[in-house]
Amino acid sequence: MGLDSTAALRSNSLTRHQAARVGESLLTARPLNRQQLAAVLGVLMILTAVPRLLMAWQHDVICADGYYYLSMATLWEQGQFDAALSYLNINLYPLILWGMKAVGLEGSWAFKSWGIAISCLTVLPLYGVARRCFDDRVACAATLLYAFQPELIELAVEPVREPTFWFCFLSAGDLLARSVETCASLICPAAAGAAWGAAIHT
């Protein structure tokens, strides 16, 4: 029993020490190591998810644009490709809605789940861009503003393109910033071009 108590105390002390080191790094603008960065990103993604999950639970009204994208997905599902393209040209978001329905994900929680998931993933490129342009403190502040911005929270639970667009757009920016750091590789510039193309068609 004494050994268990000692181990628990050491574990709690280590956790507090790690949290203190992360806080110290952010306050002094010292770059975070990989373990600290993973912890910060995890916390930021959770903070991004919580208000969106609460909004999804309370919000049942679909905006006018939402019905438009849902109708485009229905046209794709019915094979009316000419009609779908004449209304919206090539747009990835109705195709995503169509794909979710094809695998059995239907109803409001299908597009809400996509919006929340893609909004949480947007934390990664947003933090990456801000970190490479400035530092971890600015990246944290920018991501917190994104996490709690009311309009972005509401859009995340609507069947609209905006959350997907921001993910693609910021991913392109992050990959371009990475390509500047690693000029020898063509993978990042190629991936940035693909992400930029996805953003244009979202």
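Scroll up a little and you will see the structure.
Keep in mind it's a predicted model, so treat the numbers as computed, not measured.

A. The pattern of salt bridges, seen in detail. Under the defined criterion, the tally for this structure stands at six salt bridges. Among the salt bridges present, the one from Lys112 reaches Asp60, with a minimum N-O distance of 3.5 Å. Remark: Asp60 occurs in the loop between α2 (34-58) and α3 (64-77) and Lys112 occurs in helix α6 (residues 108-133); sequence separation between them is 52 residues. Under the relative-accessibility criterion, Lys112 is labelled buried at 2%. A residue is classified by how much of its surface remains accessible, and Asp60, at 62% relative accessible area, is exposed. Among the salt bridges present, the one from Lys101 reaches Glu77, with a minimum N-O distance of 3.1 Å. Placement of Lys101 in helix α5 (residues 92-102) and of Glu77 in helix α3 is noted, with a sequence separation of 24 residues between them.

B. Expanded view of the packing of aromatic side chains. A complete count under the given rule lists eight aromatic pairs for this structure. Pairing Tyr68 with Tyr69 gives two aromatic rings, centres 5.9 Å apart and planes at 75 degrees, and the pair type is edge-to-face. Classification of Tyr68 as partly exposed rests on a relative accessible area of 30%. With centroids separated by 5.9 Å and ring planes inclined at 80 degrees, the aromatic side chains of Trp166 and Phe169 adopt a geometry described as edge-to-face. Note that Trp166 and Phe169 are positioned in helix α9 (residues 162-181) at a spacing of three residues, about one turn of the helix. Feature note: the residues Phe165, Trp166, Phe169 and Trp196 constitute an aromatic cluster, connected by ring pairs. Note that Lys112 overlies the ring of Trp109, its terminal NZ or CZ placed 5.3 Å from the centroid. Here Arg161 stacks its cationic end above the ring of Phe165, 5.4 Å away from the centre of that ring.

Conventions used here
- Starting from 1, residues in each chain are numbered consecutively following that chain's sequence as written.
- Per-residue local features are limited, in this predicted model, to residues with pLDDT of at least 70; the limit for side-chain atom pairs, both in listing and counting, is 80 or more; totals at the level of whole chains, interfaces and linings are taken over all residues.
- Excluding hydrogens and water, the side-chain values take into account all heavy atoms of the structure.
- The salt bridge criterion pairs a side-chain nitrogen of Lys or Arg with a carboxyl oxygen of Asp or Glu, the two atoms within 4 Å.
- Strands are runs of DSSP state E lasting at least 2 residues, helices are runs of H or I lasting at least 4, and numbering of each runs from the N terminus.
- Summary of the burial criterion: residues with accessible area below 20% of their type's maximum are buried, those above 50% are exposed, and those between are partly exposed, where the area comes from a 1.4 Å probe applied to protein chains only.
- Only Phe, Tyr and Trp rings take part, Trp by its six-membered ring, and two of them pair if their centres are within 6.5 Å. Stacked means planes under 30 degrees apart, edge-to-face means over 60, and tilted covers everything else.
- When the NZ atom of lysine or the CZ atom of arginine is within 6 Å of a ring's centre and also within 35 degrees of its normal, the charge is said to sit over that ring.

Honestly, it's all geometry; don't read function into it.
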